[in-house]
Amino acid sequence: MSSAGFPINDLIRRKLQTTLTVLTLTLSVASTLFLLLFTNRLGLGIASSKGTLTLGLSGIFGQFSLFIGALIFIVGAVLTSFIVFLMMAQRTRDFGLIKAVGCPNSLVAGYFMTELLTTTLVGCILGIAFGFLADFSTANLVFSRYVTPNFLFAPLVFFTFFILALFFGLRPILKVSRMTPIEALSPVNYFGLTEGVSKHKPISRRGITWRIALRSLYRRQSAILRMVFLLSIVFILLTVSIAGGIIARNTTTSWITNPIDKDAIVIADSTMIHQYKMSLSNFSKPQENLDFNYSDPKLLIPDALIKQLETLSSVDAVDSRLVLSKTVTEMAGFAILGQASSSTVFVGGHRQSKSLIIGVNTAELTGSWSLKGHFLSGNDSEAVIGDSLALSMYVRDASHGIAYSDPLLEGVGLDDINFRIVGVCVDPLNNGFVTYVPMDKLANITGINEPNLLLIKLNASTNPNTVIAQMKSIIQASGLNLEVSNLSSEIEQNTVFLSSTWQTIMLLPLFMLASATICFISFMMLSVDEQHQEFAILRAIGAKPRIIVNISAIQSGIVLFTSFGIGISFGIVITTIILMTNPLITTSTVLLISAWLFSALMAMLALSFYPAYRLAKASILKIMT
Amino acid sequence: MEIRMTQTEDVIVSTEGLTKTFQVGDRKITVLKDISLQIPKANFVAICGPSGSGKTTLLNIIGGIDRPTKGKVFIAGEELTGKDEDFLSEFRCNHIGFVFQSYNLVSTLTVAENVAFPMEWTRKPSAEIERRVIDLLKTVGLENRAAHFSSQLSGGEQQRVAFARALANDPELILADEPTGNLDAKNAQKIVQVLQFLKTNGKTVVVSTHDLQIQALADQVVCLEEGKMATNYE
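Since the structure is predicted, the reported quantities are computational estimates derived from the model, not experimental observations.

Points about the overall build of chain A
Consideration 1: Looking only at helices and strands, one finds 21 helices and twelve strands in chain A.
Consideration 2: The buried share of chain A, reckoned over its 625 residues, is 46%.
Consideration 3: Across chain A, every contact between residues at least 6 apart in sequence was considered, and the portion connecting residues at least 24 apart equals 85%.

Encoded structure:
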């Protein structure tokens, strides 16, 4: 027997186990690398790029992606260490056998280390290759142009996983090398088996199936605990990605749909409508015309028309807006209220940004905003800014000596007139670079006394087509060149874009779920294999085949449900407390999340029956041998 | 005297032309060749023959653990060939007690539980199970080991537990595959005593064995050679 030939031949002869180990390692490494590359591409890419999502949404998305990425890395690492531990722990008996026939300790250890190195190396190399392949395919599919991936992730994943695999794989080898052949051959040392002889009554009252299942679990507690730990992290990952993803999607979708009623009718000059729609569609389309002249007098809508429209019985509200594009300035030198003069803290600097300035009449608003603070209350010195403006102009900036900054304590300047910021809102318009101020005040500043855009909220029982026709005829009769339209398609586009973005990241952990499922099946296979002699005895004495499946089902059920409970609990806490504040959770959200998680659990449970089912179908003599 | 019997109510085991062939690579190995055998109720039968002669395979087929390639098996008037696994499991549980050479106790169960579990599948009341377990352990002299696990027993003790388990459901037929094969003389003697007890109590016992003491107990001795029945005599 050549020292290199034996391990290789041994791996080839044990096709199923070797394939499962290499497959799990490959999947684990590939999915981790792919997910890191993709998360980096998608999450951090979006989070750092202006002009796609608002900065507030990007921040949430980036935080979410980062967390998913970290969890994926942990799952991959635990998965890798567990699979090699299982692979090597399973060989304890073989190790004992080879030692028993006189093979020197160092040579036996060498055989198994060669096996470990071979499988780990093959698994990691294949994993890295498939990881890049998956990233390449997905990036071409999802993004319009392929950007070279961050290659630094490859050595990070390869070396981390390779070292972890070696470390955890070597532990059982080193442990068994210190054993005598008899110890190594004993089932007590096989597959992490620990003999647990507690005080039992001579005859237990519990059913025989439960008794055997529970005691077998108890005797393999070290392996079981590792499996529960692994699956718990997988379920945390799954909960954060599915529950968090659904909650985040619904919440953020509500943030971007609430500011504009999807059934609202918009009336403005055709160029203004086009510009407004473009400005609203920044998530998925190129930006609006940056040279558009919002102050053009031909865009203004006369009061007479507004009054005429307000008289229509089908109209609930006419939200008149004056939309302008201006540079806003952070007002420096704001002191925190209530501070003594000696301890006055001045906040902010002189930062500037382009912003859409929207003058509104608070009594006529047709939308609502998700806000930090509150919306305009009627006081003409108040302003509400978009989240992108807040996150670009009102953040701590040590390089400019701004040690403290908080938009709700500061002000925004517009043409030398100061407004106190009372709220920060999420608004898809102009990607969150918006400033809402009272219409009258804006009119005073700019000298423009009429709105250039109307948002009209219709009565719910009205047929919109009839009203639009009616409005068009009124406008025509007035001799004005205004267009009547609605914004539903733009809102829909934003919703779809946001949903698909969340869905993409929600799907990523499915790779990890697949890896964990394969690992769990491998574990159950080893577990069933370890119990095969006892199952054969039970069958020979009169147990029906389903008893074997039942015992295995109880064992896998206990492991899975325990992990599920732990994973879900931590996952929900992490999702609701850390990742999203004020989450939008409805009954349908809970049902949808439950359905997804329950499906994953049931799929894993059903697949875990396979090894026992396969054994139960085999003849008793085959099981015995 | 050669035994020639027809299948009657007094016959508990009857085989007709039993043949068992294994496929090993391209080769077919015939382990049993045309074995026709009848065992009357309450008989003590010893199956002897050299290693590889087919003793274990014959016992496994009679016990419904293995299936013949050809031929038929009747136990207590029930034909076992062609029956599904669920039927065979239930049949083994109720009508056959099996004792293996390597004891084969369930390591996660205590001695008492090992004896009790075949009765649990027949849904006997707990009180009856407990009573019977105590009786059976007394019979094999292990009543003080009830709460121990198999790993805490000697080989001889484990084999006696295996006999107690085989008797749990009071089966009509006890099959024992070289029950003293792994034991020293002292422990083997205890197993012979258990077998003597079964014979005295009118149980039908079929034992494959090389042990002359056990063969001496036999009402009927069946000798196999290379899978064929060489002799069958009383």
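Let's pick the thread back up.
Describing the overall build of chain B
Consideration 1: From N to C terminus, chain B includes seven helices and ten strands.
Consideration 2: When each of the 234 residues of chain B is scored for burial, the buried share is 50%.
Consideration 3: A fraction of 70% describes how many contacts in chain B between residues 6 or more apart in sequence connect residues 24 or more apart.

Remarks on the interface of chain A and chain B
Consideration 1: Taken together, the contact pairs 23 residues of chain A with 30 residues of chain B.
Consideration 2: Only helix H8 (208-219), helix H17 (532-541) and helix H21 (620-624) of chain A provide two or more residues apiece to the side of chain A that touches chain B.
Consideration 3: In terms of residue class, the side of chain A that touches chain B is built from 13 nonpolar, four polar and six charged.

What about the sheet that holds strand S1 (residues 11-24) of chain B?
Residue and element names in this part refer to chain B.
Consideration 1: Taken in spatial order, the four strands make up an open sheet running S2-S1-S4-S5, and their pairing is antiparallel. The sheet is open, and its two edges are formed by strand S2 (27-40) and strand S5 (78-79), each paired on a single side.
Consideration 2: Strand direction decides the pairing type here: strand S4 (residues 70-75) and S5, joined by two bridges, are antiparallel. Within S5, the residue paired with Phe74 across the bridge is Glu79.

Remarks on the pairing of strand S2 (residues 315-331) of chain A
Residue and element names in this part refer to chain A.
Consideration 1: With six bridges joining them, S2 and strand S11 (residues 453-458) adopt antiparallel strand pairing. By the bridge assignment for S11, Asp319 is matched with Leu455.
Consideration 2: Bridge count for S2 against strand S5 (residues 352-360) is nine bridges, and the pairing is antiparallel. Paired with Val323 across the two strands is Ile358, which belongs to S5.

Regarding the confidence of the model for chain A
Residue and element names in this part refer to chain A.
Consideration 1: Confidence along chain A averages 79 in pLDDT terms, with 85% of residues attaining 70 or more.
Consideration 2: The least confident element of chain A is strand S3 (residues 334-335), whose mean pLDDT is 62; the most confident is strand S10 (residues 434-438), at 92.
Consideration 3: Predicted confidence is poor over residues 191-197, with pLDDT under 50, and the contacts of this stretch with residues over four places away or in other chains come to 22 contacts.

Observations concerning the pairing of strand S1 (residues 265-269) of chain A
All names here are of chain A.
Consideration 1: Within S1, five of the five residues are buried, which leaves the element mostly enclosed by the surrounding structure.
Consideration 2: Inspection of the sheet shows S1 paired to S11 by three bridges, in the antiparallel sense. Within S11, the residue paired with Ile267 across the bridge is Leu454.
Consideration 3: As judged from the five bridges shared by S1 and strand S12 (residues 482-486), these two strands associate in the antiparallel manner. Counterpart to Val266 in the pairing with S12 is Ser485.

Calculation criteria
- Residues numbered from 1 in each chain as written.
- Chains lettered and ligands numbered in written order.
- Predicted model: local features only at pLDDT ≥ 70, side-chain atom pairs only at ≥ 80, totals over all residues.
- Helix = DSSP H or I, 4+ residues; strand = E, 2+ residues; numbered from the N terminus.
- Buried ≥ 20, exposed ≤ 12 C-beta atoms within 10 Å, placed from the backbone.
- Contact = placed C-beta atoms within 7 Å.
- Nonpolar A, V, L, I, M, F, W, Y, C, P; charged D, E, K, R; others polar.
- Pairing = 2+ DSSP bridges.
- pLDDT = per-residue confidence, 0-100.

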